[in-house]
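For reference, the chains in residue letters:
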Amino acid sequence: MRFEYVCRYCRQKIGAVEAPHWSLGDAMERLGLHHLEPDHQWDVIRPRDNQFEIQTVCDACEQAVAMHPELLLEGSIIQ
Ligand SMILES: [Zn+2]
């Protein structure tokens, strides 16, 4: 399985993990998602085509949100 890290705000690809032998359960555990509520897990990791997209935040957006926390609100309204 292939996992792609994508910024949840600007949709920029940040990186990818190629892990053919991981099951989804393995991935959840290795990515530290297994302790999240199932609803929150599916907010972070999303099936897309034949791979999974992991929602994260790139450096640029992290700085933007740190300086302008109201962007975070706008982002969640748009989604
Ligand atoms: Zn971004």
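Described in the following lines is the structure provided in the data block. What you are looking at is a predicted structure, and each value in this text was computed from that prediction instead of being measured.

### Things to note about the overall build of the chain
In terms of helices and strands, the chain carries four helices and four strands. For the chain, with 79 residues in total, the buried portion stands at 27%. When contacts within the chain are restricted to residue pairs at least 6 apart in sequence, long-range pairs at least 24 apart make up 43% of them. A total of about 5500 Å² of accessible surface is found on the chain, and carbon and sulfur atoms cover 53% of it.

### Details of the coordination of the zinc ion
Donor atoms from the polypeptide that coordinate the zinc ion comprise Cys 7 (SG), Cys 10 (SG), Cys 58 (SG) and Cys 61 (SG), at 2.2 to 2.3 Å from the metal. Geometry at the zinc ion is tetrahedral, judged from its four donor atoms and the angles of 105 to 113° they form at the metal. Residue Cys 58 is classed as buried on the basis of its relative accessible area, which comes to 6%.

### Digging into the packing of aromatic side chains
All chains considered together, the criterion is met by two aromatic pairs. Counting every residue linked through ring pairs, the aromatic cluster contains Phe 3, Trp 22 and Phe 52.

### Describing the side chain of Gln 41
Within the fold, Gln 41 resides in helix α2 (residues 38–44). Within polar-contact distance, the side chain of Gln 41 engages the backbone oxygen of Leu 33 at 2.9 Å. Excluding anything up to four places from it in sequence, Gln 41 contacts Met 28, Leu 33, His 34 and Leu 36.

### Section: the side chain of Gln 55
Along the polypeptide, Gln 55 turns up in strand β4 (residues 51–56). In this structure the side chain of Gln 55 is engaged in a polar contact, spanning 3.1 Å, whose partner is the side chain of Glu 53. Gln 55 has contacts with Val 6, Arg 8, Arg 11, Asp 43, Val 44 and Arg 46, leaving out every residue within four places of it along the chain.

### Regarding the sheet that holds strand β2 (residues 13–18)
The strand order across the open sheet formed by four strands is β2-β1-β4-β3, and the pairing between neighbours is mixed. Whereas interior strands pair on both sides, the edge strands pair on one side only; in this sheet they are β2 and β3 (45–48). Averaged over all neighbouring strand pairs, the angle between strand axes comes to 25°, with direction disregarded. Where strand β1 (residues 2–7) meets β2, five bridges bridge the pair, whose relative direction is antiparallel. Across the sheet, residue Phe 3 finds its bridge partner in β2, namely Val 17.

Cut-off values and rules
Residues numbered from 1 in each chain as written. Predicted model: local features only at pLDDT ≥ 70, side-chain atom pairs only at ≥ 80, totals over all residues. Heavy atoms only, no water. Helix = DSSP H or I, 4+ residues; strand = E, 2+ residues; numbered from the N terminus. Buried < 20%, exposed > 50% of the residue type's maximum accessible area, 1.4 Å probe, protein only. Contact = heavy atoms within 4.5 Å. Areas by Shrake-Rupley, 256 points an atom, 1.4 Å probe, with all protein chains shown as cover. Donors = N, O, S within 2.8 Å, 3.2 Å for Na, K, Ca; no water. Tetrahedral: all angles 85-135°; square planar, octahedral: opposite > 155°, others 65-115°. Phe/Tyr/Trp six-rings, centres within 6.5 Å; stacked < 30°, edge-to-face > 60°. Polar contact = N/O pair within 3.5 Å; in protein donor to acceptor, adjacent residues only side chain to side chain. Pairing = 2+ DSSP bridges. Axes fitted to C-alpha atoms, helices over the stretch in contact; angles between N-to-C directions.

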